[in-house]
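Working through the structure, step by step
Given next are the chains, with one letter for each unit.
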Amino acid sequence: MNQIEHSGSWGRLSPSSVGRALLFFKKMGFARGVMKKFMAHLWSGFELRTPVDIRYAGLKFRVYPWDNTVEYKMLFGSKPRDWAEIKLLQSYAGKDGVFLDIGANIGYYALMAVHHGAGTVLAFEPNPKVFARLKFNIEANDLSNTITALPFALGDKVDTVTMTVSESDMGGSHISHLSGLAGTSIEVEMKPLAEVISSQGISQVDALKIDVEGMEDAVLFPFFETSPRSLWPRLVIIEHTSQTAWKKDILSWMMASGYQEIERNRSNAMLCLSKQ
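In this report, we go over the structure that sits alongside the text. Only a predicted model underlies this, so the values are computations on that prediction, with no experimental measurement involved. Per chain, residues are indexed from 1 in the order of the written sequence. For a predicted model such as this one, the threshold for reporting local features is a pLDDT of at least 70, and the threshold for listing and counting side-chain atom pairs is 80 or more; totals across whole chains, interfaces and linings nevertheless cover every residue. The side-chain figures draw on all heavy atoms in the structure; neither hydrogens nor water molecules are used.

**As for the overall build of the chain**
Rules: Counting from the N terminus, the helices are DSSP H or I runs at least four residues long and the strands are E runs at least two residues long. To sort residues, take the accessible area from a 1.4 Å probe on protein chains only and compare it with the maximum for the residue type: under 20% means buried, over 50% means exposed, and anything in between is partly exposed. Residues are treated as being in contact if the distance between any of their heavy atoms lies within 4.5 Å. Calculation of accessible area relied on Shrake-Rupley with a 1.4 Å probe; when residues are assessed, cover is drawn exclusively from the protein chains displayed.
Regarding its fold elements, the chain presents 9 helices and 13 strands. A buried classification covers 53% of the 276 residues belonging to the chain. Within the chain, contacts between residues separated by at least 24 positions form 68% of all contacts whose residues are at least 6 apart in sequence. Accessible surface for the chain amounts to roughly 12,900 Å². Of this, 51% is attributable to carbon and sulfur atoms.

Structure, rendered in structure tokens:
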């Protein structure tokens, strides 16, 4: 890793003249479909493979668009990411609420939750490279007192597990039970969610977002099975695109246990807990 990537304050790594020109076209609304891919190709073609500091949705980020799909889309996309999900976060956690961001990546959801009123955020990210980016973005926005970044995976017990790190898409890194995918293997710490919540002194969860590449069931089932209903999140945003890797269908279980699906898109299902 280039040592300059996480050093210095936000704003030090401004876009180059070529980068500014490309971002101008994005601002004009041209970064769509084929054009977005062409702009990304030009960016890479000029070997702009240093991180770049940007403002996005009212927040400061340092992005690395060449090895993380989330950062690529933030830099080149013309629309704010996951806007339906962010509006729901504001509704459920926006009044000084508690939000858990499981699979936080570089912190987009965590930072947006605070930006829209959340008072306490736990952001879980076990990939060391991405965790460093998450920490930088939190500190760049002066949110270290509100967002607690935790550098481990979640599961059914305290353990050390193997993570396969995707060098082409850091956000696609995964715990090893999803075998057959390319990447570099590293060892990461794993803890149960219920134990972490208890250690953090949290007695209520207003919203939870989880995107852990097919491990959603392995994280949530132990939590629901060992936690009182009063601790269950009022809102759950769960990525469903890897559900073929689930050993048990956590979505069906949740809807049979008091959750209602209120919205769905090609990436996420959004569920709220009914009052009983």
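**Re the sheet that holds strand E6 (residues 153–155)**
By definition, the strands of a sheet pair up through backbone hydrogen bonds, in either a parallel or an antiparallel sense. Counted only if it meets this: The pairing criterion for strands is at least two bridges between them, as found by DSSP.
Overall, mixed pairing links the 4 strands, which are arranged E6-E9-E7-E8 in an open sheet. The strands lining the two open edges of the sheet, one partner per strand, are E6 and strand E8 (174–175). Bridge count for strand E7 (residues 159–165) against strand E9 (residues 184–192) is 7 bridges, and the pairing is antiparallel. Within E9, the residue paired with Asp159 across the bridge is Met190.

**Thoughts on the pairing of strand E10 (residues 207–210)**
Residues Ala207 and Lys209 line one face of E10 and the alternating positions Leu208 and Ile210 line the opposite face, and both faces are buried. Sheet topology places strand E3 (residues 98–102) next to E10; 4 bridges connect them, and they run parallel. Pairing of Ile102 across the sheet is with Ile210, part of E10. Bridge analysis of E10 against strand E11 (residues 235–239) gives 4 bridges, and the strand direction is parallel. Its bridge partner lying in E11, Lys209 is registered against Ile237.

**Observations regarding unusual backbone geometry**
Notably, Ala57 is not glycine yet its phi reads approximately 55°, a positive angle. With respect to the helices, strands and loops of the structure, Ala57 is situated in the loop between strand E1 (52–56) and strand E2 (59–63). Judged by relative accessible area, which is 31%, Ala57 ranks as partly exposed. Although it is not a glycine, Asp96 adopts a positive phi angle of roughly 60°. Tracing the backbone through its elements, the reader meets Asp96 in the loop between helix H4 (83–93) and E3.

**Focus: the packing of H4 against helix H5 (residues 108–115)**
Using the following cut-off: In this analysis, axes come from line fits to C-alpha atoms, helices being fitted only over the stretch in contact, and the angle between any two N-to-C directions falls in the range 0 to 180 degrees. If an angle is under 35 degrees, it is roughly parallel; if it is over 145, roughly antiparallel; if it lies from 65 to 115, roughly perpendicular; otherwise it is oblique. Rotating anticlockwise by less than a right angle from the far helix to the near helix defines a left-handed crossing, while the corresponding clockwise rotation defines a right-handed one. In the scheme used here, Gly and all other residues not listed as nonpolar or charged are polar, with Ala, Val, Leu, Ile, Met, Phe, Trp, Tyr, Cys and Pro taken as nonpolar and Asp, Glu, Lys and Arg as charged.
In the contact formed by H4 and H5, the axes pass within 9 Å of each other and the chain directions differ by 45°. As judged from the angle between their axes, H4 and H5 are oblique. Pair H4 / H5 crosses with right-handed handedness. Seen from H4, the contacting residues are Trp83, Glu85, Ile86 and Leu89; seen from H5, they are Tyr108, Tyr109, Met112 and Ala113. Here the contact of H4 with H5 is composed, by residue class, of 7 nonpolar, no polar and 1 charged.

**Side note on helix H8 (residues 216–226)**
Most of H8 sits inside the fold, with 8 of its 11 residues counted as buried. Considered for burial, the residues of H8 that qualify are Glu216, Asp217, Val219, Leu220, Phe221, Pro222, Phe223 and Phe224.

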